[in-house]
Structure formats: C-alpha cells, structure tokens
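Listed below are the residues making up each chain.
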Amino acid sequence: MIKLIPRVENSTLMVLLSPLLALTLTALSAYLIFIFVLVDIPVSSVFFTLFVEPLIDSYYFSELLVKAAPLMIIGLGLSIGFRAGIWNIGAEGQYVMGGIAGSAVGLYFYNVEALWLLPLMTIAGILGGMFYAGIAAFLRIKYQVNEILVTLMLTYVAVLFLSAMLQGPLRNPSGFNFPESRIFHDSAMLPIIWEGTRLHIGLIVAIILSFVAWFGIKKHMFGMQIKISGSAPRAAKFAGFDDNKTVWYSLLISGGLAGLAGLFEAAGPAGQLTPGLPQFYGFTAIIVAFLARLHPVGVLFSALLIALSYVGGENVQIEYNLPSSITQIFQGMLLFYFLACDILIKYKVILFKT
Amino acid sequence: MNESLFINIVIGISIASVPLIFAAIGELLVERSGVLNLGVEGMMIVGALLGFVVMSHTQNSYLAVLAAMVGGMAIASIFAFLTQFLLTNQVATGLALTLFGLGFAAFAGRGYTEETIQLITAVPIPYLSDIPYLGPLLFSFNPLVYLAFFMVYLVWWFLFKTKQGLILRAIGDNHDAAHAIGHNVVRYRVMAILFGGAMAGIGGAFLSLVQVPIWGEGMTAGRGWIALGLVVFASWQPFRIIFGAILFGGITILQIHAQGLNINVSAQYLSMLPYLATIVILVSLRMRLKNKTNRTVPNCLGRIFHSTT
Amino acid sequence: MSNRSLSSVVKLSILSVVLAFTSNVYADPVKAAFVYIGPTGDHGWTFAHDQGAKYVKEMMGDDVIITTVESVEENSDSERVITSLARKNDIIFTTSFGYMNPTIKVAKRYPNVKFEHATGYMLEDNVSVYSARFYEGRHVIGKIAGRMTKNNVIGYIASFPIPEVIRGINSAYLAAKSVNPDIEMKIVWVYSWYDPGKEADAANALIAQGADILMQHTDSTAPMTVAEEKGVYAFGQASDMREWGKNAQLTGIIDDWGPYYLERVQAVKDGTWTSTDVFHGVDSGMVKFAPMNKSMPKDVRNEASRAIIDLSMGKIHPFTGPINKQDGSPWLAEGETPPNYPDLLTMDFYVEGIEAKYPN
C-alpha cells in the first residue's frame, strides 16, 4: 500500500525534481504508445521532432514563444483569480471581446498612422475583456449567480458576436464579402522583437506583468486578501476583507488580461480580425495557471511547456503523418503526469505492507 | 401551429435536452460530493464512441448503452485516481481529461467514420400512446428519454431520502468534519465520480445512438460544457436540471424553427439566445428569492481533501 | 554473334533505357503538401480534398511525396503550419478560405515554393487560386428537388453566410422555381461546418415544418441519416453519401479535386507551373454527381442529365436573367449572365422569392 505523509515544509528539491519526473514518465508513456502506433518510424526521431527540434531550431523556437505569450498573459490573470477562489472558466470569451474591442478601434482609425493608435487599441482590448468579466462579477455580487455559469455561457455569446461583427460593421469592405476584417495598418500592429519572425512585444509585456504580479501578491495588501479569501473565506471575513472587492478585482484583472491577449493576437500574429480568433487559449490558460501552481512567474514556464507540446505535436503530425488526435492524447497525458507528480512536493510517499 | 408540428417540436426538444440531462445529473452528484470535474466533455465523447462501436459490432442496444457507461466510468476513473489519491487540482485535471478524452476518442474511432448503425428508436407505450394528444406527447418517446428523467428522480431520492445521500452531501459541505465522524470521504467521492462518468457516457451515446447513427470526431460539440453550466443553473438541485436542460434545448430547437419560419431576426442573434436565456432566467429567479441566502453551493467544491489519520 | 547473345544485348539495352528512365524519375520526386480544415474522416469538404491528394499519389506513385495536415484551425496557427511545410515542400495546397492571408504571407517569404489556395481571391506570382462552381451542381439538384417534392417545401441547412454558400442557395432556389413555381425554400443557419447534432436538429426541424427534401451545405452525414430515417429525400454534399441514405439520396454533388491536383503537381515536376485563377465547374469535371437514385421517375432523371450535359457544354448558366434581388431591385436583365467578379464571387443577397431574412 501507499501512504502519503504531509511534509512540514514544501520540499524545494521536489519543486525542481517533480517536473523532471513528470517529463520522464510522459516520455516513457509516449514511447510505449508510439511503439504501438508507429510501425516503421524510429521512435527516437519522433521524440526529437516532438521535444528537441522546437527548442533548437530558431524558427520553431520563435513560434514557440509566439504561442506561449497569450497563454502567459491569460494564465497570469487566471492564477490571481483562482487564488481567491473565483472560477473564471470563460477567459476565452473575455479574450474574444478584448480582440473585438481593440480591433474595432484599430479599424475605425484605419487610415491613421500615429503612435497613439496601438496604445489606444490596447486600452480598448483591456477594457473589452474587463467589461465582459465584469458582467460575471456584477451578477455574482448582486444576485449570487455563480461565475462558472456566466463566464462559460458568455464565451459562446462572444464567439457568435464576433461572427456577427465580421458579417457586419467590421467586415472588410473590399474583401469579397467574406467574414474577415481588413488587414491592419502597420501602426496598428505590434512591434516585432525578433527580426524575421512573428515574435512580438507581447512576450516582453507578459514577462514584465508576471514579475509585477509576483511583487504585488507578496507586498500588496490585495495580494494577501485574495490569498486568504481563497484558502480561508471565513478568516477573510473576520479580518475585515471586503468579499465583493475580491470578486471585482479577481474578475476584472483576469478579464482585462484576457482581453489584452485577445488584442495582441489580432494585432500580432493574425494581423486582422477573423472568425479564427478564438483558439482555446482561454481554456488552455487554466491549465497553464494550475501547472504553475498559481505562481505568477511559474506561469511563464508552464506556458512554454504547453506551447512546446503544441509546436512539437504539430511538427510530428507534419513529419510523420500522425493524426492530430495524437497531440491531444499526448497533451492530456503530459498534464496528468505533471499534476500527479506535484504530490511529491507536499507529501512524502511511503510504501508499506498491509 | 398544427398538432404534428407541435409534437415534432416537443420531440426535437427532448432529443436536444436528454444528453444534457444525463451529463448534468451525473455532474450534479459529483459536485454535491465536493468535487468539480470539468472533464464532462471528454467523458461524453468516449461514451459516444464506445456506444457506437459496440452497436456496430453487436447490433445490441443494451450492450451499446452499457459500453457507453463503462467507457465513461473508465475515463472518469483516471480523474478519480488523480484527484482522490494523488490529490491533484480538480479544475486542471478535469480540463486535461477533456483533452485526453477528445484525443483518445478521435484516435480510437478513426476506423468508424465510414460505418453506420441502426438507431435506437422510440418505443410507444402500448395503449397509453394511443390516447389522443397526451399519447404522442407523453408516451411515445425513446426509452432512454424516460431513463433520463428516472435518473434525475433517482439522484434526488438518493441525495435527500437515503442515509448515504445525506453523508455524501455532508462530505461535500465539510469533508474534514465528515471525516472526523468516521465517514470515508475518498470512497464516496470516487463512487460519485464514477457515477458521473457513467452518466456522461450515456449522454454522449445518446448523440451517436439516438440522434444520428454516425460517429465523428468532436461530435459532442461542447455539450459537456453546457451540462456543467446547467448544474450551476440548477443551483445543485436535481429537478431543476430538467428545467434547465429543457429550457436550453428548447430555445435551441425553437430558434432553429424560428429561422425556418422566416422570423425577421438575424440568425447569429437567434443562436445566442440559449446561452443568454440561461443567464437571464437564473438572474430573474434569484431576484425573486433575493432575501433568501443561497446555501446550495457545496462548500468544499473543488477543494482537495487529505486525511492525516 | 548468335541469336541468343543478340537478344541478350537487346534486353540489356532495353533494361538500361528503362533504368535510365526510371532513375531519372526517381531522382526528383515532387514534394506536395495539403493543409486541411477538418479531419479527413468528415465525409465532406476535407474528405473530398484528401481523396484528391490520394489520387495524385495513385497516379504519380514514386514521383511524388505527399504530406497532409488535418484539423488546422483558420487562425495564426495555420501560418506556422504553412511555413513549416514551405520549408520542405515544392507545392502546397491550402484548402480553406481562412488560410488566405497566411498563405500570402508565407508565399512572400518562400518565393520558390508554389502555393495553391482554395476558394480565395488573392493571387501572387507563386500563389494560384482555385475554386469550383458548386452552384452549377446546386442547379441540377434544385431541378430535381423542384420535381420530386410533394409539399413544395425544400429545407436548406446552411453553414456560414459566405458568398459560396449564398450562391448555392440562390442557384438551387432558382432552378427549383423554374420547374415548380410553387416552391418554397426554408433556410436554417447552424453556424458550423461540422456539428452532427445541430445539423440533425436542423434537419428534423425543417422536416417538421413540411420540408420533404433536404439540401445541406455542411459537412457531416447527419442530415442524410435523418432524411433516411424520416423517409424524405436529400442530396449528398461534397462526397457520395449513399451509404447513409440508401433511399434518401437522390444524387449528390461530388467535389472532384483529383485531376486538378494531379495537373498542378505534374506542372511543378515539368517546370511549367504558373500562377492561375481557376473557377471550374461541371465542364471540367471538378463538379461531379453521385449516381441518380433508381426511385426517381425517368423523366426527372432525364431532365437532370440534360441539365448536366448543358452545363458541361456551357449552353446554360444557372444565373440567367431576368433575376431580381430579394428586395425587388433588378439584378440581371433578360438573358444576362453575371460576371465572376463582383457578382458571383462577392454575392451577399438572396434572389427574389426567397422569404428568409438574409443573415447580417
């Protein structure tokens, strides 16, 4: 039998070792699956394509960072909200609304070439996401309607709203009546930070924000408040923390950051507003947040890991003609192992005979 | 509106609602035990696949439904093991389960996209279904439709009329206290999770065995997420699941009919209605009950339990 | 020299010629890649493109190496997939409209790679566009539907309001109307290319509202199975769906991309590839039909066959004036046919007689 003994203090060794153990276990399982699935392809080369190539090939590495940036930004916001026990499951909808709001500004000033345009779009994106998450905060505070329902349902509404906007006011007037916006003007596009790639300033923003959040949580009263509200709601009440404030802040921060990520996607890699804007980032970022154990800086690393699984998985599909479902199976397993191995941080595992 | 159109709409609504009822009532029991499983979509799709596969090989609808339940339970057991024994975070594990389930079903089902099966058809209840008006409306459904309603009753009966149900609710509200007086928290939760898997499995199979006789990747198309929303909509009260599912399924079907009847509203906005109505109706219900505090959310929902003794 | 040695010399030289020939061919296989929007098992749009890719492989054998990538979303991920493919392939087919801007961006960075984008409108020196006149197919099934319906109601399950889908609706309606003036068309938008459950809901609703013949512009076989179960008629979409509607399927519009793909890949091999803008129909065989159901009366079958022949010879055009728009304003004058651009390629209106509200 197995028994778990809680550690007095979290094991710092295990904090580092558990991801490695998880990776090893994932690799072993993947190995077994590939042996079963692949008939005449050497498993080692599949592994190389999956794990190593995205890290050593400069193009794939840049793309890995492109894919990771929105996950970092959304995951960061969610990690703050989840600490307070606010279940914002619909970051995807806030991301879409931020993308629409920011793009609408960019398209309104379509012909304007000015330095203020991108900041204005950014603000609109953040406000769009905040407004959308704010609905959930308002309904929860005023009518005790659980935010899981509201954020989830509003995600579907956001996607349909995007479709309606692209069918109507935001449609490219010379685009053959296809539901796509115009391509953004240069001054509405995010600056590229690595010449010749699609890597944009969003990555730097993500890194700065995560450190700001880290210090914020450590030093600021609000950080304490959300932490306590999440882990001990009663104690929070006694300490005089305002419950409603926690709800507002958690949802507005996570919604605003999701909106920011939505605008960055439209004004970055996409370069226009299309029906393809929603791409599951909002849901994937939930996983990113928890893989990082809700640590704002940890989010940077877990986003990279998830991005690696996307880019590597895609390459395996291209290179070895494997179905795309293999990537999903593989991502599922990766997460299972990562989550499971974290138990070693807080607990000692002891084997004994019954 | 003529009579047959009305009956057709009712049947259409039942078909759209029943997968949601199954999946949501399972998840309701899980959440009542204090566990939040976001993997409903993943469990549904595995149920849809296994039901279809067994049906195409055996042509036996009982075996097919059974297989769907077992499939849902099997994948739910991964979640149970991780969250209950390895104490992983439930939200993240549930999402991982959805990813894994969608991937697994798509991969394992690749050979079945060409197949077609015999649907499980409606069985009019003898004599009763011949009653004018009421007969076709109440007694002419698919057997699984009746099963869905029965499961809702069963869950209500279990939760509120049995000792085990009381214990399960107590665990969901305060697992430490329940543990302290000697209840096996983990055992109850594992059972609840497996039940949730079985129900999601049938819910998924309803799509591939009753609604359309085909198998396709991702054919659950987000219904697992809607089921999750409905549990909240129902404020964790079993019978309200039926109300929520019929409301959601009903508006989905009615907006399709509205399109066919050339109603002068754009289809995009009509398509938003089911989602918006769910929120609006819940809010208006709450407005009426404003002064009563809502105490139905299981307090330990999503929290990790570990006994030190 | 004996006969025997002579013959062996001949054999040898033949062998060496064959060897030389084959080794030349072996030396340089064309690398062709296909990017798909859905899974290859959808039995609709992606399935049809994948059949085309398989056809190229079958015809060219070792002269071609084919890579396919399925379920590529129409977002910024697609640019990465196309770039990855551009690094290793000679020609890339991007088979959905949403890949247009990513395809153009990648094409500018990889001028030596040829690109073929389906259903778009942006050309470059190394980017062709190709599309099929599916509305010609809709014309034929419209005629059949007009004749075969008893209730005079056609149910149309539509995906997204883009010009291609609108063309199909208008073409089918006009054709049905031409043989049956009492025809009514009910249209349901499901806002999805592939959601079997929703497509089935729509099919059921349309049948309940009196439609006894279904058309679909979505990719799953669900509407066909509903038609089969309810005993109404339907038409296959993108591929032959007889398997799912043995009695229900009257015929089906088949997208046959194979010959076009073969021609383009071969052109790369021969070094004769140039950028083109192709909009082929029944005439070139890009739009084909599934076998007609035996249950159709002979005169209906004959009429449909005649329409197919006339279309293939260019004798008729599905949009021949006089045609008014839904609001009554004139579109085409007597005998007039529309140009590709802008009328056909940007179509965003219903024709007169359709009662549904245009989705915008």
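What counts and how
- Residues numbered from 1 in each chain as written.
- Chains lettered and ligands numbered in written order.
- Predicted model: local features only at pLDDT ≥ 70, side-chain atom pairs only at ≥ 80, totals over all residues.
- Helix = DSSP H or I, 4+ residues; strand = E, 2+ residues; numbered from the N terminus.
- Rg over C-alpha atoms; globule rule 2.2 N^0.38 Å.
- Buried ≥ 20, exposed ≤ 12 C-beta atoms within 10 Å, placed from the backbone.
- Contact = placed C-beta atoms within 7 Å.
- Nonpolar A, V, L, I, M, F, W, Y, C, P; charged D, E, K, R; others polar.
- Domains from an automatic or database assignment.
- pLDDT = per-residue confidence, 0-100.
- Pairing = 2+ DSSP bridges.
- Axes fitted to C-alpha atoms, helices over the stretch in contact; angles between N-to-C directions.
- Core = buried A, V, L, I, M, F, W, Y, C linked by C-beta atoms within 7 Å.
- Right-handed = clockwise from strand over helix to strand, strands pointing away.
- Expected span 1.5 Å × (residues − 1).
- Arc of directions from axis to C-beta.
- Parallel < 35°, antiparallel > 145°, perpendicular 65-115°, else oblique.
- Left-handed = near helix turned anticlockwise from the far one by under 90°.

*Asks:* Now, about the overall build of chain B: what can you tell me, with residues and values included?
*Replies:* Of regular secondary structure, chain B possesses 12 helices and zero strands. Along chain B, helices and strands appear, N-terminal first, in the series α-α-α-α-α-α-α-α-α-α-α-α. Scaling as 2.2 N^0.38, a compact globule of 309 residues should have a C-alpha radius of gyration of about 19 Å, and chain B matches this with 20 Å. With respect to the three principal axes, the spread of C-alpha positions in chain B is 65 × 55 × 45 Å. In chain B, which comprises 309 residues, the share counted as buried stands at 58%.

*Asks:* Talk me through the interface of chain B and chain C; I want residue IDs and the actual numbers.
*Replies:* Between chain B and chain C, the contact holds 31 residues from the first and 33 residues from the second. Taken together, the elements giving at least two residues each to the side of chain B that touches chain C come down to α1 (3-32), α9 (185-211), α11 (238-260) and α12 (267-288) of chain B. Broken down by element, the side of chain B that touches chain C gets its largest block of residues, six residues, from α11 of chain B. Its residues assigned to classes, the side of chain B that touches chain C comprises 14 nonpolar, 15 polar and two charged.

*Asks:* Which residues make up the domain arrangement of chain C, and what values do they have?
*Replies:* Residues and elements named next belong to chain C. Along its sequence, chain C is organised into domain 1 (9-132) and domain 2 (134-255 + 286-344). The gap between the C-alpha centroids of domain 1 and domain 2 is 31 Å. Listed as interface residues are 10 residues of domain 1 and, on the opposing side, 15 residues of domain 2. With three residues, the top contributor of residues to the side of domain 1 that touches domain 2 is helix α2 (residues 45-60).

*Asks:* Can you tell me about the confidence of the model for chain C, naming the residues and giving the values?
*Replies:* A low pLDDT means the predicted coordinates there should not be read in detail. Residues and elements named next belong to chain C. Scored by pLDDT, chain C has a mean of 91; 92% of the residues are at 70 or more. Looking at the elements of chain C, mean pLDDT is at its lowest for helix α1 (residues 3-27), recorded as 46, and at its highest for strand β3 (residues 91-94), recorded as 98. Across residues 1-13, confidence stays below pLDDT 50; counting only partners more than four residues off in sequence or on other chains, it has one contact. Confidence drops under pLDDT 50 across residues 15-26; counting only partners more than four residues distant or on other chains, this segment forms two contacts. As a predicted assembly, this complex carries a pTM of 0.92 together with an ipTM value of 0.90.

*Asks:* Requested: an account of the sheet that holds strand β10 (residues 249-255) of chain C, with residues and values cited.
*Replies:* Residue and element names in this part refer to chain C. Across the sheet, six strands lie side by side as β7-β6-β8-β9-β10-β12; this open sheet has mixed pairing. Two strands in the sheet have a free side with no partner beyond their single neighbour: β7 (184-189) and β12 (287-289). On average, adjacent strands in this sheet sit at an angle of 20° to one another, irrespective of strand direction. Judged from the four bridges that link them, strand β6 (residues 153-158) and strand β8 (residues 213-216) form a sheet pairing that is parallel. Looking at β8, one finds that Ile 154 is bridged to Ile 213.

*Asks:* Tell me about the nonpolar core, and please be specific about residues and values.
*Replies:* Nonpolar side chains in soluble globular proteins tend to be buried together. Counting 337 residues, the largest nonpolar core has Ile 74 of chain A, Ile 21, Ala 24 and Leu 230 of chain B together with Val 35 of chain C as its most contacted members. The dominant element in this core, judged by the number of residues it contributes, is α9 of chain B, at 16 residues. If you count residues domain by domain, this core takes at least three from each of domain 1 (9-132) and domain 2 (134-255 + 286-344) of chain C. Beyond its immediate sequence surroundings of up to four residues, Leu 230 of chain B is in contact with Leu 20, Ala 24, Ile 241, Gly 244, Ala 245 and Phe 248 of chain B.

*Asks:* Please give an account of the pairing of β8 of chain C that cites residues and values.
*Replies:* Residues and elements named next belong to chain C. Going residue by residue along β8, you find Ile 213 and Met 215 tucked away on one face and Leu 214 and Gln 216 tucked away on the opposite face as well. Looking at chain direction, β8 and strand β9 (residues 233-238) are connected through two bridges and run parallel. Among the inter-strand pairings, Leu 214 is bridged to a residue of β9, identified as Ala 234. For the segment spanning β8, helix α8 (residues 222-230) and β9, crossover handedness is right-handed.

*Asks:* Account for the interface of chain B and chain A, naming residues and giving values.
*Replies:* Listed as interface residues are 41 residues of chain B and, on the opposing side, 36 residues of chain A. When residues of the side of chain B that touches chain A are traced back to their parent elements, those giving at least two are α3 (61-85), α4 (90-108), α10 (223-233) and α12 of chain B. Partitioned by chemical class, the residues of the side of chain B that touches chain A number 27 nonpolar, 12 polar and two charged.

*Asks:* I'd like to hear about the environment of Lys 31 of chain C, residue by residue, with values.
*Replies:* All names here are of chain C. The residue Lys 31 is located in strand β1 (residues 30-35) in this model. The sequence separation of Lys 31 and Gly 41 amounts to 10 residues, and the corresponding C-alpha distance is 23 Å. Other than its neighbours up to four places away in sequence, Lys 31 contacts Ile 65, Lys 88, Asn 89 and Asp 90.

*Asks:* Requested: an account of helix α6 (residues 143-161) of chain B, with residues and values cited.
*Replies:* Residue and element names in this part refer to chain B. Given a rise of 1.5 Å per residue, 19 residues ought to cover 27 Å, and the 26 Å separating the end C-alpha atoms of α6 matches this to within 8%. For α6, the full list of buried residues reads Leu 144, Ala 148, Met 151, Val 152, Val 155 and Leu 159. End-on view of α6: buried residues confined to an arc of 105°, all on one side of the axis. Set apart from the buried face of α6 by more than 90 degrees, the exposed residues are Phe 150, Trp 157, Phe 160 and Lys 161.

*Asks:* Describe the pairing of strand β5 (residues 127-132) of chain C, listing the residues and the values that go with them.
*Replies:* Residues and elements named next belong to chain C. Among the six residues of β5, six are classified as buried, and the element is accordingly described as predominantly covered. Side chains Val 127, Val 129 and Ser 131 project from β5 onto one buried face, and the interleaved Ser 128, Tyr 130 and Ala 132 project onto a second face that is buried too. The pairing of β5 with strand β11 (residues 277-280) spans four bridges and is parallel. The residue bridging Val 129 from the neighbouring strand is Asp 277, located in β11.

*Asks:* Explain the packing of α1 of chain B against α10 of chain B to me, and be specific about the residues and the numbers.
*Replies:* All names here are of chain B. At a minimum axis separation of 8 Å, α1 and α10 run at an interaxial angle of 55°. Comparing their axes, α10 and α1 come out oblique. Between α1 and α10 the crossing geometry is right-handed. Where α1 approaches α10, its residues Pro 19, Leu 20, Ala 23, Ala 24, Glu 27, Leu 28 and Glu 31 are matched on the opposing element by Arg 223, Gly 224, Ile 226, Ala 227, Leu 228, Leu 230 and Val 231. Its residues placed into classes, the contact of α1 with α10 shows 10 nonpolar, one polar and three charged.

*Asks:* Can you tell me about the sheet that holds β11 of chain C, naming the residues and giving the values?
*Replies:* Residue and element names in this part refer to chain C. Ordered in space as β2-β1-β3-β4-β5-β11, the six strands form an open sheet in which the pairing is parallel. Strands with a single pairing partner mark the edges of an open sheet, and in this sheet they are β2 (64-69) and β11. Mean inter-strand twist for the sheet, computed between neighbouring axes without regard to direction, equals 15°. In terms of strand pairing, β1 meets β3 through four bridges, oriented parallel.

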